[in-house]
Each structure stands twice: as structure tokens, then as C-alpha cells.
Amino acid sequence: ADIHNNLARLYKRLKMYDESIRHTKQSIEIYKLIGKEDYLANFNNLGISYEDLGKEDSAIYFFRNCVKLAIKNEQKLGLYLASTNIAGALTAKGQLDSARYYLNLALNDSNLKDNPRYLLTVGVTDVQVLLNEGQHEIALKKGLEYLQMAKATRWIKEEANLYGHIQAAYAALGDFKEAY
């Protein structure tokens, strides 16, 4: 099972998504056969691969199953990642109420603050959803707060995403001097 899982990750990096999906599914089947229920990451990886292929409904299906498994198995870190992924996919489809529901599963977890890396990952998606919900002032405030955290931790990807979200918030608020 682990060999298939490793091959799936390799194929995903090579952008060979069909092969990645095939090996991930084989890994899940083997995990099920041996009674191992810890295949949450596999569902998340399937969701990412389907999202990269532009198959949003399939991606959402696997992200949703990942969230269910994370809740069932009390895997907080898996819940944070899956909630973030499904919220992003639902936001892209314009399903903002559903996106907010899944994002709040992570945001309302009392342990999230103990995991700064995941707090920042969830936070970036929170700002993105707030922007799409039209809550530009709140998005700007939170975006600036998360940006300070990203700078302090030197997490470049999150910092770059936040700069984009902050720019969008300023523009939406009509502050073009700050936006550009």
C-alpha cells in the first residue's frame, strides 16, 4: 500500500494525474484489505489530483470523504487540510455557504491555534472565502494579521497568497493607492 502511495505522490509531482489516481486508489484498496483505516491522506490526494484535472465534483467528493474520516478518527491536522481544500474547491464553484461550513469546521476547532502552520493555511483560505462573500473589510483585517504571521514564520507561499488577497481587498474597498 505504501509503495502505491509513494508512486501516486511521485506521479502527481510529475503531473501524471491519471497514474497518480490509479496508484492512490490501489493504495486505499490495500489499506482496506488489511484493516488500516488511516487512508485519510489518500482521499485528500485524490481530491487534489481530480482538482488539478479540472474535475471539481470528483475533487469535492474525495475532500468531503476526507473530512468525514478526519472527524471520525479525530485527526485534527487532516481535518484542517481537508477543510481548507474543500473550502477552496467549493469557493471556485461559487458555493460559498458550503465553503464557509467546511472552513468553520477547522476555524472553530480549539486546537487550531496550537498548530501555526495549519492556522496560517486555514487563514489564507478564510481570507479568500471572505473576499468571495463580499466581506472585504474583514478579509483585509484578517489578511493583514495572517500576513504578519507568514512573515514571522517565513512561509513564502502563504505570504504570496496573502499579498494577492490583500491587494484584492484594497481594490474592492476602492483604496487603489494601497491596492497598486
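In short, a report on the structure. These numbers were taken from a predicted model, which means no experiment stands behind them.

About the criteria used
- Residues numbered from 1 in each chain as written.
- Predicted model: local features only at pLDDT ≥ 70, side-chain atom pairs only at ≥ 80, totals over all residues.
- Heavy atoms only, no water.
- Helix = DSSP H or I, 4+ residues; strand = E, 2+ residues; numbered from the N terminus.
- Expected span 1.5 Å × (residues − 1).
- Buried < 20%, exposed > 50% of the residue type's maximum accessible area, 1.4 Å probe, protein only.
- Contact = heavy atoms within 4.5 Å.
- Patch = residues over 30% accessible without salt bridge, like charges linked within 9 Å, V, L, I, M, F, W, Y side chains within 5 Å.
- Areas by Shrake-Rupley, 256 points an atom, 1.4 Å probe, with all protein chains shown as cover.
- Salt bridge = Lys/Arg side-chain N within 4 Å of Asp/Glu carboxyl O.
- Core = buried A, V, L, I, M, F, W, Y, C linked by side-chain atoms within 4.5 Å.

**Comments concerning helix α4 (residues 56–72)**
Okay, so step 1: Between its first and last C-alpha atoms α4 spans 24 Å; for 17 residues at 1.5 Å apiece the expected length is 24 Å, and the two agree.
Okay, so step 2: All of the buried residues in α4 are Ala59, Ile60, Phe62, Phe63, Asn65, Cys66, Val67, Leu69 and Ala70.
Okay, so step 3: Looking at the buried side of α4, the elements it contacts are α2 (17–33), α3 (40–52), α5 (76–92) and α6 (96–107).
Okay, so step 4: Downstream of α4 by a residue or two, glutamate 74 has a phi angle that is positive, lying close to 55°.

**A closer look at a nonpolar patch on the surface**
Okay, so step 1: Together, Leu10, Leu14 and Met16 line one region of the surface with nonpolar side chains, adding up to about 270 Å² of accessible area.
Okay, so step 2: Within the secondary structure, leucine 10 sits in helix α1 (residues 2–13).

**Considering the nonpolar core**
Okay, so step 1: With 48 residues, the main nonpolar core has Phe43, Leu46, Ile86, Val122, Tyr146 and Leu162 as its most contacted residues.
Okay, so step 2: Secondary structure elements with two or more residues in this core: α2, α3, α4, α5, α6, α7 (116–132), α8 (136–153) and α9 (156–172).
Okay, so step 3: Those residues within four positions of isoleucine 86 in sequence are excluded, and the remaining contacts are Ile60, Phe63, Arg64, Val67 and Tyr102.

**Concerning the pattern of salt bridges**
Okay, so step 1: On inspection of all chains with the given rule, the structure shows eight salt bridges.
Okay, so step 2: For the salt bridge of lysine 93 with aspartate 57, the shortest nitrogen-to-oxygen distance reads 2.5 Å. Highlighted residues: lysine 93 in the loop between α5 and α6 and aspartate 57 in helix α4, separated in sequence by 36 residues.
Okay, so step 3: With relative accessibility at 35%, the residue lysine 93 sits in the partly exposed group.
Okay, so step 4: Among the residues examined, aspartate 57 registers a relative accessible area of 54% and is labelled exposed.
Okay, so step 5: Close ionic contact of glutamate 133 with arginine 100 constitutes a salt bridge, the shortest N to O distance being 3.2 Å. Placement of the pair is glutamate 133 in the loop between α7 and α8 and arginine 100 in helix α6, with a sequence separation of 33 residues.
Okay, so step 6: On the accessibility criterion, glutamate 133 (26% relative accessible area) is partly exposed.
Okay, so step 7: What you see here is one network of salt bridges that share partners, running through Arg100, Asp126, Glu133 and Lys142.

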